[in-house]
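The lines below spell out each chain.
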Amino acid sequence: MAELTIRDALNEALREELVRDENVFIMGEEVAEYDGAYKVTRGLWKDFGDKRVIDTPITELGFAAVGVGAAMAGLRPVIEFMTFNFSILASDQIINHAAKMLYMSNGQFNVPIVFRGPNGSAYQVSSQHSQALEAFYANFPGLKVVMPSTAADAKGLLKSAIRDDNPVVFLEQERMYGLKGEVPEDDDFTIPLGVADVKREGTDCTIVARSMTVPLAMQAAEHMESEYGVSVEVVDPRTIKPLDIDTIVASVKKTNRLVIAEESHAFASVGAEISHQVMENAFDYLDAPIKRVSTAETPMPYAKNLEELALPDVPKIIEAVKAVCYI
Amino acid sequence: MPKTRVSGKASTGTNKTSKNGKGSRTPAAVTEDGKELFDPEKAQEEYNKRKKSQLESIKNTSADVLREMLYQMVLGRHFEQKCAEVYRIGKIGGFCHLYIGQEAISIGTQLQLEPRDFVITSYRDHVQAMVQGIAPEAVLAELYGRAGGNVGGKGGSMHMFSKEKNFYGGHGIVGGQIGVGTGMAFAQKYKESGGVTLCFFGEAAVNQGIFHESLNMAGLWNLPCIYICENNRYGMGTSQERAMSISSIAKKAESYGIAGEFVDGMDVMEVREATARAIERARSESRPTLLEIRAYRYMGHSMSDPGKYRSTDEIKRYQERDPIVLFKDSLKEAGVLDGKDFEKIDAEALAKVQEAVDFAENSPLPDESELLTDVYK
Ligand SMILES: Cc1ncc(C[n+]2csc(CCOP(=O)(O)OP(=O)(O)O)c2C)c(N)n1
Ligand SMILES: [Mg+2]
């Protein structure tokens, strides 16, 4: 095991896959000479050169399309969006093209591509730069959606995403790039897509969290344990689509209470989907209505005090756990 | 630089001279794509050739206007330097993109607008906002995320707005405002207001599809939109050469049958005259123009850019042609203002910046109830 930041774990995954498969290449704004806007691709251009690590103009729709075409013709592109806010410009290629290709071609053309980059809020970057888009992409059949929360998951899932034969939307979080964790050193370490992970075992209440809300949920769980003697289980689906609902349902059947913590807005969110599936599969096991903690239903404000108010945090998750536990 | 290339239906329009420009200048000795004008020494040679007519233009411009132009440039410079200073001590959060080195563009274009004209720009918007009439106090308080900010702390550095001042915003998605600006010009034409829109964007934004879609519609529908490409040579860490297949942006106008012009963005008078020609074309013929105004970004892309992609030597070479220094020299040479005036202007600008700091420091945080306001009308 090595202790790595999420940033470096992603970097290792990219490096190993570039070595493993000559059809893998990385493309995006500032990914090469600048080492990536958030340094995820640090050193890769230097080691793999212009052919494999490619700086693009600021032309998201264009280079996403180049990725889709290249993938149809046999390559395995990893397309970086400087942030996922800018993927909205490319969403035509992701949704209208990549997601539909296999189906439209009656199974002839698959699109083995990864679209990756930071999703969600950063630090006071305001309305147009703080959006969590997982529900948007997860809504479309044909796309897989992945959201790691630890260094090991980041590495293992990114490698699986690159090896996957479908278009994968791989959502990172800028606030988490510096988080450290133990990562297996095996070059062939992967984590399969579609398998949830129980980050903390517990018996009294389940929190389903993903990406940025996982560390928050862990802190909330510690607090509930020490302050109230409530044993909280934290489940991280890791892949939003396909969703490992079985692991979530098994946890709820054990704890009988569920809180869903997510960074996106609540309306039509992944949390809403999970809530529905739990209702379908474990209705009789629930001892309290499911609670959600999400970002306020507003574009993100700039002012620090308002931004903090808008985002999920540990106290808000604690409050939700207390509510479902009737404390 | 004098125009090197004008094309399409609008070519007659560009031969008209502005109020100040006598149209007597010798054409610039530039190649078709103007590549060598990226070279500051070459640009200075061209500048020297134009110098006589520039002084002529200065003499034809009122002293009050000239003083205001210099004051605004100096204020913009000091304001941005203060932003850098307070950013470093954590007073400002998020992204903060500074305008230092590009002052002649905002001042040369906007100060001749009428109340019916509109302005829209990118996230590099502090100076454009102030020149448009938004108080420096409100801009800085916005950067501080305070209730007294230009948009109450909701927007921050990238999103200044003022309906009253026809400032349609600072926008964070590269290229997005090019389409929006086109729509503003569409409304001006629709309402027959006689107004024009100044639509600012960086050279890297030209690579977005929206630029091409917009210019095509503006050319097709005869919209009074003036597209102002602020070519500061870099989009973040990527130089224009590394991101664009040709070096002339002005020339792209040709593809859409609209007028295009290179402009030396270190020469505020040249900017002013080129804009005057474009405004005239928009008002009297309802035709769009693309101005490629070449300047240089002195600071990093934003406050978080270490700037390793260019040498300090390169930065120094461009700073030799500082737009404020060049303008002061010309004003002095033309006998309009002298050293004493410059000192006074400098002091006034510094005092204004200090007022802005005091205001921002004392402005309260936005009330928590503001979080959910203005999501819907
Ligand atoms: C659609 C989109 N892609 C990427 C970014 C990130 N980004 C912000 S500014 C910028 C560079 C833009 O350069 P340019 O258009 O030349 O303007 P300048 O910053 O030089 O004023 C980039 C890549 C963004 N904000 N929006
Ligand atoms: Mg630029």
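Placed above this text is the structure.
This text gives an overview of the structure that appears in the document. The model shown is predicted, which means the values in this text are computed figures rather than measured ones.

1. So, the overall build of chain B
Right, so step 1: Counting secondary structure elements, chain B contains 12 helices and 8 strands.
Right, so step 2: Compactness check: chain B gives a C-alpha radius of gyration of 20 Å against a globular reference of 21 Å for 377 residues, within 12% of the reference.
Right, so step 3: Reported as C-alpha extents along the three principal axes, the dimensions of chain B are approximately 55 × 50 × 40 Å.
Right, so step 4: Within the span of chain B, comprising 377 residues, buried residues form 62% of the whole.
Right, so step 5: For chain B, long-range pairs separated by at least 24 residues make up 77% of all intrachain contacts whose partners lie at least 6 apart in sequence.
Right, so step 6: For chain B, the exposed surface amounts to about 14600 Å²; the carbon and sulfur share of it is 52%.
Right, so step 7: Taking the average place of the 49 positive charges on the side chains of chain B and the average place of its 52 negative ones, the gap between the two points comes to 4 Å.

2. Here's the deal with unusual backbone geometry
Right, so step 1: Between A:Lys241 and A:Pro242 the backbone carries a cis peptide bond, its omega angle lying at 0°.
Right, so step 2: Structurally, A:Pro242 can be placed in the loop between strand 12 (239–241) and helix 9 (245–255).
Right, so step 3: Despite not being glycine, B:Ser286 has its phi angle at roughly 50°, a positive value.
Right, so step 4: Take B:Ser286: it is sitting in the loop between helix 9 (268–285) and strand 8 (289–294).
Right, so step 5: When its relative accessible area of 16% is taken as the criterion, B:Ser286 is described as buried.

3. Some points on the layout of surface pockets
Right, so step 1: Roughly 490 Å³ of volume is contained in the second largest pocket.
Right, so step 2: What lines the second largest pocket is a set of 19 residues, and nearest its centre among them are A:Ser127, B:Val151, B:Lys154, B:Gly155 and B:Phe161.
Right, so step 3: Of the residues assigned to the lining of the second largest pocket, the class counts are 7 nonpolar, 9 polar and 3 charged.

4. A short note on the site of ligand 1
Right, so step 1: The immediate surroundings of ligand 1 are formed by 22 residues, with A:Glu60, B:Tyr123, B:Arg124, B:Gly172 and B:Asn232 found nearest.
Right, so step 2: At ligand 1, the nearby residues belong to more than one chain, namely chains A and B.
Right, so step 3: Between B:Ala205 and ligand 1, the recorded distance is 3.1 Å, taken from a backbone N or O atom to an oxygen atom.
Right, so step 4: Against a free-state accessible area of 580 Å², the protein chains account for coverage of 96% of ligand 1.
Right, so step 5: Looking at the shell around ligand 1, its residues break down into 11 nonpolar, 7 polar and 4 charged.

5. A short note on the interface of chain B and chain A
Right, so step 1: With 38 residues of chain B in contact, the opposing surface of chain A contributes 30 residues.
Right, so step 2: In this assembly, chain B packs against chain A so that about 2800 Å² is buried in total across both faces, 61% of it on carbon and sulfur atoms.
Right, so step 3: Interface area lost by chain B to chain A is led by B:Ile173, B:Arg242 and B:Leu371, which between them contribute 23%.
Right, so step 4: Linking chain B to chain A there are 2 salt bridges.
Right, so step 5: On inspection of chain B and its partner chain A, the count reaches 16 residue pairs in polar contact (both at pLDDT 80 or more).
Right, so step 6: Looking at the side of chain B that touches chain A residue by residue, the classes come out as 17 nonpolar, 14 polar and 7 charged.

6. A closer look at helix 2 (residues 44–52) of chain A
The periodicity of an α-helix, 3.6 residues per turn, causes residues three or four places apart in sequence to face the same way.
All names here are of chain A.
Right, so step 1: Regarding helix 2, the residues found buried are Leu-44, Phe-48 and Arg-52. Each buried residue of helix 2 sits inside an arc of 60° when the element is viewed along its axis, so together they form one side. The outward face of helix 2, more than 90 degrees from its buried face, is lined by the exposed residues Lys-46 and Asp-50.
Right, so step 2: Buried positions along helix 2 lie against helix 1 (6–20), strand 2 (24–28) and strand 3 (53–55).

7. Things to note about the pairing of strand 2 of chain A
Residues and elements named next belong to chain A.
Right, so step 1: Of all 5 residues that make up strand 2, 5 are buried, and the element is covered over most of its length.
Right, so step 2: Side chains of strand 2 alternate between two faces, with Val-24, Ile-26 and Gly-28 and Phe-25 and Met-27 buried alike.
Right, so step 3: With 5 bridges joining them, strand 2 and strand 4 (residues 76–80) adopt parallel strand pairing. The residue bridging Phe-25 from the neighbouring strand is Pro-77, located in strand 4.
Right, so step 4: Examined bridge by bridge, strand 2 and strand 3 share 3 bridges and lie parallel to one another. When the bridges of strand 3 are listed, Gly-28 appears paired with Asp-55.

What counts and what doesn't
- Residues numbered from 1 in each chain as written.
- Chains lettered and ligands numbered in written order.
- Predicted model: local features only at pLDDT ≥ 70, side-chain atom pairs only at ≥ 80, totals over all residues.
- Heavy atoms only, no water.
- Helix = DSSP H or I, 4+ residues; strand = E, 2+ residues; numbered from the N terminus.
- Rg over C-alpha atoms; globule rule 2.2 N^0.38 Å.
- Buried < 20%, exposed > 50% of the residue type's maximum accessible area, 1.4 Å probe, protein only.
- Contact = heavy atoms within 4.5 Å.
- Areas by Shrake-Rupley, 256 points an atom, 1.4 Å probe, with all protein chains shown as cover.
- Lys, Arg positive; Asp, Glu negative; His and termini not counted.
- Charge placed at Lys NZ, Arg CZ, Asp CG, Glu CD.
- 1 Å grid on protein atoms, 1.4 Å probe; cavity = no way out; pocket = protein on both sides within 12 Å on 5 of 7 lines; lining within 4 Å.
- Points joined across faces, edges and corners; volume = space filled by probe spheres on them.
- Nonpolar A, V, L, I, M, F, W, Y, C, P; charged D, E, K, R; others polar.
- Near = heavy atom within 4 Å.
- Polar contact = N/O pair within 3.5 Å; in protein donor to acceptor, adjacent residues only side chain to side chain.
- Buried area = accessible area lost by both parts, 1.4 Å probe.
- Salt bridge = Lys/Arg side-chain N within 4 Å of Asp/Glu carboxyl O.
- Arc of directions from axis to C-beta.
- Pairing = 2+ DSSP bridges.

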